[in-house]
Amino acid sequence: MIPFFPDKIANKGIAIYLISLAVVSIAFFRHAMPVMYILLGIMWVTGFFLLSSSCSKKWMRYPVKKFAWRVFWVALLLRLVWVVFSYFFYKSQTGQPFEFGAADAMGYHEEAKWLAEAGWDMVRQYYGFRNGVSDIGYPFWLIVLYRIFGPSVFVARIFKSLFSAATCVLIYKLASRNIGEFPGRMAAVFCTFMPNLIIYCGLHVKETEMLLLIVAFLERADYLIRTRRYGIFTIAVPALLALSLFFFRTVLGAVAIISLFAGLIFTSTKLVGRTKKAVLIVFGVVSIAGFAGGTIATEVEGYWEMRVENQILKRNAQTAGGNQWAKYATGTILAPMEFFMPLSTMVDTGQENQMVLHGGNYVRNFFGIFVLLALFYAIFKDKNWRNLSLIGAFAVGYLGVISVSGYGNAERFLLPGLPCLLIMAAYGISKLNARNYKYVKYWYIIVVLMEVAWAYFKIGSRGLLD
């Protein structure tokens, strides 16, 4: 077993990024990214690979508490630095401390600001008129913050940094129980330095808070499945966390419940215990029956019934907006690719946010082979997929739903699956040996081809090819 992220792979990751960036920039010179975004990408990619390699090795022998606190403080410091930098960066680029094209972010901010000033009676009336509960959670959280601290986007992002740092620690707890202590530490280190997780702390959208709830649910649900002692509190916490996800994105709550049942059903009886498994499954069935006729269930059913129509509408909208090849990005094509999507946008097509995030998306592309190795070993070699069924069911379930939703290539919609994929990547890396490393070498070539092909697709679909 490899207990840390090897320097050799980290250096390859940097080299392949630079090769991909150079090939794309030369091949599509007229649409090359501005220097500012190229430098940001180089910073994110080199920082991630070098720091992940160095820290996974250096922190490997730390006692558990020291490791957890080191992860928390380093993650928090990095996120606070980015929050300060991005605040002034976006202000200089857009005239306001919000990301490019900040429609959702501005909507959340203005809604929370208005309701915080209007008072709780208005909040109850306003949300009482809504038919569903999805997307209520984040603005309500902002209202609470704005009532206490005033409508400060900076304070909100400090809290995002705290939440994201806590998420890294929870990843360690979850991963170490499922894939082993050292791979679990590797996964936590990946989360600490993952560019996308840092960048979202400087965006005024709900993803950072949502990720904390997702990982907290998975960690507590996993603890519930594995612990020999359990009571009302042990059961109630993951149930309430799963319920809270419906208030952020309906599909997340539904997938959380399904993944919990998958974990209970498939996890080895030796690990869970036959009686405990039966009790928890019955409790879950009764709980679901309790809200089956309510607002949440109606909303879930509506989303499921509209899934095909939503995909068609999304593709038509993209085509009408100038993306002529979007109609080919169907669920059938995207589903097998979701383990390493979204592809990195290394050309300028007017999508500034994607250029800011392109370094982090490249990391996801590069890590794809390790995720695939993890799946192979869990299913065919180690045959321990049953004991990893909670994490696997959530990742596969959520990414599968997104792949047929019309948002299968949207970075923001794919983000909730990232923590699970980083755990799987750490597991895959820990299984490397001389025999399977040859597949990683093939992947190095595939990554370059993917980035060049994606650049061609992005430019060609908009009719910008020379």
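Residues numbered from 1 in each chain as written. Predicted model: local features only at pLDDT ≥ 70, side-chain atom pairs only at ≥ 80, totals over all residues. Heavy atoms only, no water.

Draft legend 1. Molecular detail of the confidence of the model for the protein chain. In the predicted model, the protein chain carries a mean pLDDT of 84, and the fraction of residues at 70 or more is 83%. Within the protein chain, helix α15 (residues 295-305) has the poorest average pLDDT of any element, 46, and helix α9 (residues 195-199) the best, 96. Here residues 317-322 scores under 50 on pLDDT; set against residues more than four positions off or in separate chains, the count is eight contacts. (pLDDT = per-residue confidence, 0-100. Helix = DSSP H or I, 4+ residues; strand = E, 2+ residues; numbered from the N terminus. Contact = heavy atoms within 4.5 Å.)

Draft legend 2. Seen up close, the packing of aromatic side chains. Throughout the structure, instances matching the rule amount to 43 aromatic pairs. Centre to centre, the rings of Y439 and Y442 are 6.4 Å apart; their planes meet at 75°, and the pair counts as edge-to-face. Within this pair, Y439 and its partner Y442 are both found in helix α23 (residues 437-460), separated by three residues, close to a single helical turn. Judged by its relative accessible area of 43%, Y439 is partly exposed. Every member of this aromatic cluster is reached through a ring pair, and the members are F5, Y17, F48, F49, F190, Y362, F366, F367, F370, Y437 and Y444. (Phe/Tyr/Trp six-rings, centres within 6.5 Å; stacked < 30°, edge-to-face > 60°. Buried < 20%, exposed > 50% of the residue type's maximum accessible area, 1.4 Å probe, protein only.)

Draft legend 3. Spatial organisation of helix α1 (residues 7-27). For α1, built from 21 residues, the straight-helix expectation of 30 Å at 1.5 Å per residue is met to within 8% by its first-to-last C-alpha distance of 30 Å. Residues of α1 that are buried include every one of I9, A10, G13, I14, I16, Y17, S20, L21, V24 and S25, and no others. The arc that holds the buried residues of α1, viewed along the axis, is 165°, so those residues lie on one side. Among the exposed residues of α1, those oriented more than 90 degrees off its buried face are K8, I26 and A27. Against the buried residues of α1 lie α2 (35-58), α18 (352-366), α19 (368-381) and α23. (Expected span 1.5 Å × (residues − 1). Arc of directions from axis to C-beta.)

Draft legend 4. Spatial organisation of the pattern of salt bridges. Going through the model one piece at a time under the given rule, you end up with eleven salt bridges. For E219, the salt bridge goes to R177, with nearest N and O atoms at 2.9 Å. Linking E219 in helix α10 (residues 207-226) with R177 in helix α7 (residues 153-179), this pair joins segments that are 42 residues apart in sequence. Among the ionic pairs, R412 bridges to E207, the shortest N-O distance being 3.0 Å. (Salt bridge = Lys/Arg side-chain N within 4 Å of Asp/Glu carboxyl O.)

Draft legend 5. Inspection of the nonpolar core at higher detail. Of all hydrophobic cores here, the largest spans 147 residues; its most connected members are F5, F49, F190, Y362, F366, F367 and F370. Element by element, the count of residues in this core is highest for α7, at twelve residues. Once you skip the residues sitting within four places of it in the chain, F49 turns out to touch F5, A10, G13, I14, Y362, V363, F366 and F367. (Core = buried A, V, L, I, M, F, W, Y, C linked by side-chain atoms within 4.5 Å.)

Draft legend 6. Representation of the packing of α19 against helix α22 (residues 418-430) in the model. Relative to each other, α19 and α22 sit at 75°, their axes nearing to 7 Å. The orientation of α19 relative to α22 falls into the category roughly perpendicular. Seen from α19, the contacting residues are F370, V371, L373, A374, L375, Y377 and A378; seen from α22, they are L421, M424, A425, Y427, G428 and I429. (Axes fitted to C-alpha atoms, helices over the stretch in contact; angles between N-to-C directions. Parallel < 35°, antiparallel > 145°, perpendicular 65-115°, else oblique.)

Draft legend 7. View of the side chain of N196. Its location among the elements puts N196 in helix α9. Classification of N196 by relative accessible area gives buried; the value is 0%. Among the polar contacts listed, one links the side chain of N196 to the side chain of E411, at a separation of 2.9 Å. Discounting residues that sit within four places of it in the chain, N196 has contacts with L357, G360, N361, E411, L415 and L418. (Polar contact = N/O pair within 3.5 Å; in protein donor to acceptor, adjacent residues only side chain to side chain.)

Draft legend 8. Layout of the side chain of E451. If you trace the backbone, E451 turns up in helix α23. In this view, E451 contacts S20, V24, L343, S344, M346, Y362 and N365; residues no more than four positions away in its chain are not counted.

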